[in-house]
Amino acid sequence: MKPYNAILVGNGTMGKRHRARFEACGVKFIAAADNQEEFDEITDKLTCGTADGLPADFAVIASPASTHYAYAKFFLERKIPVLVEKPLATSGEEAQELVDLAAKNDTLLFVAQSECFNPIFLNFRKHFLAELNARLEAGDKQLGTGDMLIAGDKLPAGNVRLEFRREHKYSERCRDVNVSLDLLVHDLSLFFTLFRYEDVDISFKTSAESRDRARLYLKVARGPYKGVTADFYVNRDSDVDVRTISVSYGRQGGSPGSNYTVSLARYLDNGEIAHIPDSLENEHRFFLKLLDGACGDWGKRIARIAADCVKIASRQ
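Residues numbered from 1 in each chain as written. Predicted model: local features only at pLDDT ≥ 70, side-chain atom pairs only at ≥ 80, totals over all residues. Heavy atoms only, no water.

J.: What is the right way to look at the overall build of the protein in this model?
T.: Along the protein, the regular secondary structure elements total eight helices and 15 strands. Residues classed as buried in the protein amount to 49% of the 316 residues present. Long-range contacts, defined here as pairs at least 24 residues apart, represent 69% of the contacts in the protein between residues at least 6 apart. Carbon and sulfur atoms provide 48% of the accessible area of the protein, an area that totals close to 15200 Å². (Helix = DSSP H or I, 4+ residues; strand = E, 2+ residues; numbered from the N terminus. Buried < 20%, exposed > 50% of the residue type's maximum accessible area, 1.4 Å probe, protein only. Contact = heavy atoms within 4.5 Å. Areas by Shrake-Rupley, 256 points an atom, 1.4 Å probe, with all protein chains shown as cover.)

What follows is the structure, encoded as structure tokens:
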């Protein structure tokens, strides 16, 4: 892997974590900005075109969420690859604009939704999809041409329900956006690694007046997984710290139903959630592989998923 030079925008909690883990992978940070004045100094060096300009291979954006769009757009317009913290933007229109700009300029846009790289979730995803596909295979009728005949709501997937729950105690972090753009995007990103955005309908979405609690209900209305439902609950002013995915399989014919819950977090002895470093490390190594030209179109897929998450999370 070639050595890379990077620029950091936002030197808070997540900015420091990104920097430490990238530096452990051999990345050199040649500039950092923690406010607009410092960022302007960087832009002057990037745009001056002189020999002492900053030779940046990519930028890491870990500034407040409300600034992500402007900073990401700045670098993408200059064809500098970007790793930006979630959410990608604060509106679906801005998020899609960044995805389109990255595609137009053939520049990597990567959104740091590290829960997708959590080894606990990756293991869950593997086994859940195997279970779900096994149910489909057991219920499908094969036509002579090998195509599947899907029997609408009678499909076994129609008895499958997911529940995503994410809660933590009050924090001053990420107060510039509501809970949907802060927390809900995490679980939406997990959901859309399992199912296609084009196949999903929103049944309802609610937000508390405090902006700290929200609930969302989605249904897979089209495609091979038609009938799967998902319930999301997020709370950033809770008495507990919880990150779970629950799966319920209803009765199918003579088979009994079943259900289980997976915690995406590990807990300290005092009950608080322990940070899982593997998630960030996996994410960063994957990003660097994408920079090296590996993994095909996965970079574009991740950016599209991030934009789709914002489209749903920003709906009123």
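J.: What am I meant to see in the sheet that holds strand E1 (residues 5-9) here?
T.: In a beta sheet, neighbouring strands pair by backbone hydrogen bonds and run either parallel or antiparallel. Pairing is parallel in the open sheet, where five strands are placed in the order E2-E1-E3-E4-E5. Edge strands, defined here as strands with exactly one partner in the open sheet, are strand E2 (28-33) and strand E5 (109-112). Looking at each pair of strands side by side, their axes are set apart by 20 degrees on average, direction ignored. With five bridges joining them, E1 and E2 adopt parallel strand pairing. By the bridge assignment, Ile7 is partnered in E2 with Ala31. (Pairing = 2+ DSSP bridges. Axes fitted to C-alpha atoms, helices over the stretch in contact; angles between N-to-C directions.)

J.: What should I look at first to understand the packing of helix H4 (residues 92-104) against helix H8 (residues 298-313) in this one?
T.: Two quantities define a packed helix pair, namely the angle between the axes and the distance from one axis to the other. Between H4 and H8, the least distance of the axes is 8 Å, while the angle of their chain directions is 170 degrees. Taken as axis vectors, H4 and H8 run roughly antiparallel relative to one another. Contacts from Gly92, Ala95, Gln96 and Val99 of H4 reach H8 at Ala303, Arg304, Ala307, Val310 and Lys311. For the contact of H4 with H8, the residue count by class is five nonpolar, two polar and two charged. (Parallel < 35°, antiparallel > 145°, perpendicular 65-115°, else oblique. Nonpolar A, V, L, I, M, F, W, Y, C, P; charged D, E, K, R; others polar.)

J.: I tried to follow the packing of helix H6 (residues 179-191) against H8 on my own but got confused; where do I start?
T.: Remark: H6 packs on H8, axes separated minimally by 9 Å, with the N-to-C direction vectors making an angle of 130 degrees. Between H6 and H8, the angle falls in the class oblique. For the pair H6 and H8, the crossing hand works out as right-handed. Residues Ser180, Leu181, Leu184, Val185, Leu188 and Ser189 of H6 lie in contact with H8, whose contacting residues are Ile305, Cys309, Val310, Ile312 and Ala313. Class assignment of the residues belonging to the contact of H6 with H8 gives a composition of nine nonpolar, two polar and no charged. (Left-handed = near helix turned anticlockwise from the far one by under 90°.)

J.: Explain the pairing of strand E11 (residues 229-235) to me, please; I cannot follow it from the model alone.
T.: Along a regular strand, successive side chains alternate from one face of the sheet to the other. By the criterion of burial, E11 is predominantly enclosed, with six of the seven residues buried. Examined bridge by bridge, strand E8 (residues 160-167) and E11 share seven bridges and lie parallel to one another. For Leu162, the partnering residue across the bridge sits in E11 and is Ala230.

J.: Help me out: how do you make sense of helix H3 (residues 68-77) in this one?
T.: Residues separated by three or four positions in an α-helix point in the same direction, a consequence of the helix having 3.6 residues per turn. Most of H3 sits out of view: seven of its ten residues are buried. Taken as a whole, H3 has its buried residues at His68, Tyr69, Tyr71, Ala72, Phe74, Phe75 and Leu76. In the segment just after H3, Lys79 is the residue with positive phi, at about 60 degrees.

J.: Would you mind going over the packing of aromatic side chains with me for this structure?
T.: What the rule picks out here adds up to 23 aromatic pairs. Note on Phe58 and Phe287: the rings are 5.0 Å apart at their centroids and 70 degrees apart in plane angle, and the pair reads as edge-to-face. Taken as a pair, Phe58 in strand E3 (residues 58-61) and Phe287 in helix H7 (residues 277-291) lie far apart in primary sequence, 229 residues in all. Relative accessible area serves as the criterion here: at 0%, Phe58 is assigned to the buried category. Centroid distance Phe164 to Phe191: 6.3 Å. Interplanar angle 80 degrees. Geometry classified as edge-to-face. Of this pair, Phe164 sits in strand E8 while Phe191 sits in helix H6, and the two are 27 residues apart along the sequence. The exposure class of Phe164 is buried, given its relative accessible area of 0%. Members of the aromatic cluster, connected to one another through ring pairs, are Phe121, Phe124, Phe128, Phe164, Phe191, Phe192, Phe195, Tyr197, Tyr225 and Phe232. (Phe/Tyr/Trp six-rings, centres within 6.5 Å; stacked < 30°, edge-to-face > 60°.)

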